Amino acid sequence: MRSLIFPSLILVLFLAGCDPVKKSQFNSAGEAPFKAPVWVSPFHEGFEKALFRTSLDVAERHLTGISIIKRTSDSSFHFTFANEIGMTYFDIEVFRNSYKPDYIFDPLNKKSFLKILQRDFSVMFFSVSEGKPTRKYIQKDSGEAVYMYLKQNLYAWIDTRQNTLTGLAGWSNYFDAVMVGFREYNNGFPTEIRILNPKIKLVLTFNLLGH
Amino acid sequence: MKTAKSFILALLLPLGFTPLMAQPKPLSQTDAQEVKKRISEAAKTSLSIEAQFTQTKELSVIREKIISKGNFYFKKQKLLRWEYTYPFPYLIIFNNDKIYIKDEDKENHVSLQSNKVFREVNNILIGAVEGTLLSDSKNFSCNIFDLHDQFQASMIPLNPRIRETLSEIVLFFNKSDYTVDKLIMREVSGDYTNIEFSGKKINQNIPDAKFNIP
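Residues numbered from 1 in each chain as written. Chains lettered and ligands numbered in written order. Predicted model: local features only at pLDDT ≥ 70, side-chain atom pairs only at ≥ 80, totals over all residues.

Student: Hey, could you run me through the overall build of chain B in this one?
Tutor: Per the secondary structure count, chain B includes four helices and twelve strands. A sequence separation of at least 24 residues applies to 43% of the contacts in chain B between residues at least 6 apart. (Helix = DSSP H or I, 4+ residues; strand = E, 2+ residues; numbered from the N terminus. Contact = placed C-beta atoms within 7 Å.)

Student: How should the interface of chain B and chain A be read in this particular structure?
Tutor: Accessible area lost during the coming together of the parts is what is often quoted as the interface size. At the junction of the two partners, chain B supplies 22 residues and chain A supplies 20 residues. Listing elements by their share of the side of chain B that touches chain A, those giving two or more residues are β2 (48-59), β3 (64-75), α3 (116-130) and β11 (180-187) of chain B. When its residues are assigned to classes, the side of chain B that touches chain A shows eleven nonpolar, five polar and six charged. (Nonpolar A, V, L, I, M, F, W, Y, C, P; charged D, E, K, R; others polar.)

Student: Sorry, what's going on with the confidence of the model for chain A here?
Tutor: Predicted coordinates in regions of low pLDDT should not be interpreted in detail. All names here are of chain A. Scored by pLDDT, chain A has a mean of 88; 91% of the residues are at 70 or more. Taking the mean pLDDT of every element in chain A, the minimum, 49, falls on helix α1 (residues 2-18) and the maximum, 97, on strand β12 (residues 189-197). Below a pLDDT of 50 lies the segment residues 4-15, which in the model reaches zero contacts outside its immediate sequence neighbourhood of four places, other chains included. (pLDDT = per-residue confidence, 0-100.)

Student: Hey, could you run me through α3(B) in this one?
Tutor: Along an α-helix, residues three or four apart share an orientation, since each turn contains 3.6 residues. Residue and element names in this part refer to chain B. Compared with the 21 Å implied by 1.5 Å per residue over 15 residues, the 21 Å span of α3 between its first and last C-alpha is a close match. The complete set of buried residues in α3 reads E120, V121, N122, I124, L125, G127, A128 and V129. Positive phi appears at G131, one or two residues downstream of α3, with a value of about 75°. (Expected span 1.5 Å × (residues − 1). Buried ≥ 20, exposed ≤ 12 C-beta atoms within 10 Å, placed from the backbone.)

Student: Can you help me understand the pairing of strand β13 (residues 202-210) of chain A in this one?
Tutor: Both faces of the sheet carry side chains from a regular strand, because those side chains alternate between them. All names here are of chain A. As paired elements, strand β2 (residues 49-58) and β13 share seven bridges and run antiparallel to each other. Within the sheet, the bridge partner assigned to S55 lies in β13 and is T205. Across six bridges, β12 lies against β13 in antiparallel orientation. Counterpart to E192 in the pairing with β13 is N207. The hairpin turn running from β12 into β13, its antiparallel successor, is four residues long, and K201 in that turn takes a positive phi close to 55°. (Pairing = 2+ DSSP bridges.)

Student: Please explain unusual backbone geometry as it appears in this structure.
Tutor: With the exception of glycine, most residues fall at negative phi, and the peptide bonds are largely trans. Note that the residue after K76(B), namely Q77(B), is joined by a cis bond; omega there is -10°. In this structure, Q77(B) sits in the loop between β3 and β4 (79-86). Cis peptide bonds are those with omega within 30 degrees of zero, and the linkage from Y86(B) to P87(B) qualifies with 5°. Notably, N187(A) is not glycine yet its phi reads approximately 50°, a positive angle. Assignment of secondary structure puts N187(A) in the loop between β11 (178-186) and β12. For N187(A), a count of 6 C-beta atoms within 10 Å translates into the label exposed. Located in the positive-phi region is Y178(B), a residue other than glycine, with phi close to 60°. Relative to the elements of secondary structure, Y178(B) occurs in the loop between β10 (166-174) and β11. Residue classification places Y178(B) among the buried residues on the basis of 20 C-beta atoms within 10 Å.

Student: Would you mind going over the confidence of the model for chain B with me for this structure?
Tutor: All names here are of chain B. The pLDDT averaged across chain B works out to 86; a share of 87% of its residues lies at or above 70. Long-range and interchain partners of residues 12-20, a stretch whose pLDDT sits below 50, account for zero contacts in this model, where long-range means more than four residues apart. Interface confidence in the predicted complex, given as ipTM, is 0.83; pTM for the same model is 0.85.

Student: Mind showing me how you'd approach the environment of E107(B) here?
Tutor: All names here are of chain B. Here E107 lies in strand β7 (residues 107-111). Classification of E107 as exposed rests on a count of 11 C-beta atoms within 10 Å. Considering only alpha carbons, one finds E107 and R38, 69 residues apart in sequence, at a separation of 40 Å.

Student: Is there a simple way to think about the nonpolar core in this case?
Tutor: Within soluble globular proteins, side chains that are nonpolar generally end up buried alongside one another. Within the largest apolar cluster, 84 residues are counted, with the highest numbers of intra-cluster contacts made by F79(A), V178(A), V180(A), A128(B) and L171(B). The element contributing the most residues to this core is helix α2 (residues 111-126) of chain A, with six residues. If sequence neighbours within four positions are ignored, V178(A) has contacts with P20(A), R119(A), D120(A), V123(A), A169(A), G170(A), W171(A), I195(A) and N197(A). (Core = buried A, V, L, I, M, F, W, Y, C linked by C-beta atoms within 7 Å.)

Student: How should I be thinking about the environment of N27(A) in this particular structure?
Tutor: Residues and elements named next belong to chain A. Here N27 lies in strand β1 (residues 26-28). We classify N27 as exposed; it has 11 C-beta atoms within 10 Å. For the pair formed by N27 and K140, sequence separation is 113 residues and the distance between their alpha carbons is 5.9 Å.

Listed below in structure tokens is the structure:
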């Protein structure tokens, strides 16, 4: 039994190290009981498709263009990203735990990279509040409420004045830790979305062009 | 019963005839050579072209379209300016071996040697308007078809480097002046981009400054 404690401790420390969120940016919300908020990803309810001006920075590449995200079923989304002159970079179907590439621009066609991208999208598309959050914090600079869901390896930022989801952070391992920001809501949908994967220095930005 | 049959026949007849009517007629080798010659001659006298364009990216898997619009400028030799105005401002200048890209807030200088995709697209666009693409038998096999008021040149890439991205390039030349009306780039993914030119002005004075790279 004792022999299992050490590996378990290592695992807990490892998973804690994967967490992309710096607690120093939070104030404590105190120990008082709090009401668990109900929230869903902006892509969750009623979302069909959207057109975005898009940029991707990864591995010293800066790609820009236009992307479409389209819901293709209850459990899948399609992401197509092409440069301004129309040449496709990505054409990929994203599921909660997998992806199906239809076309990937050759220099980015790396399995490990695509797996991370799939995980990033999974957090952005499929996250919903499940169960009671373990902890509540207050974001220092913005005053947003931050809820931690330890079982799901997930944080959710809520703007309590507007009652909107403004950020998510999730991870399943050291490399796929991701932070997603939702900003400038218009008619219930963010017009600016930013995916940041700090471990592999990936930044993917979406500026809404239309639904 | 007779009425129902006539109704079904009326519905099916156009379906049967449409492909026949739309089928482009391939030109004989002699006629194709003649058309290529005329396109090349017209290109030689086209020192500049100014036009508006509408670019439609067709996404085959999800059956969606992305539409962009803007202004196109070409000047001999090897000077191209793509000025996108919709859905957002975006500028690309091809000046010989250099590319300048201006986003709303970012400027980018790209060397054609270092960017494979832009290099191929630049070669295709310049080759299309300068009329050299049709005779590039090293990189493309070319078939020419006769349409109602256009000649259609179907270019299949032979070069493995181009085949990585594009499966076919189709150029539509106007029969009256032999300039490019439309360009379709078919990608290996099944998607394609259709660029249609309108309001063409040939040999109008375009200041060199339009193609300057800051």
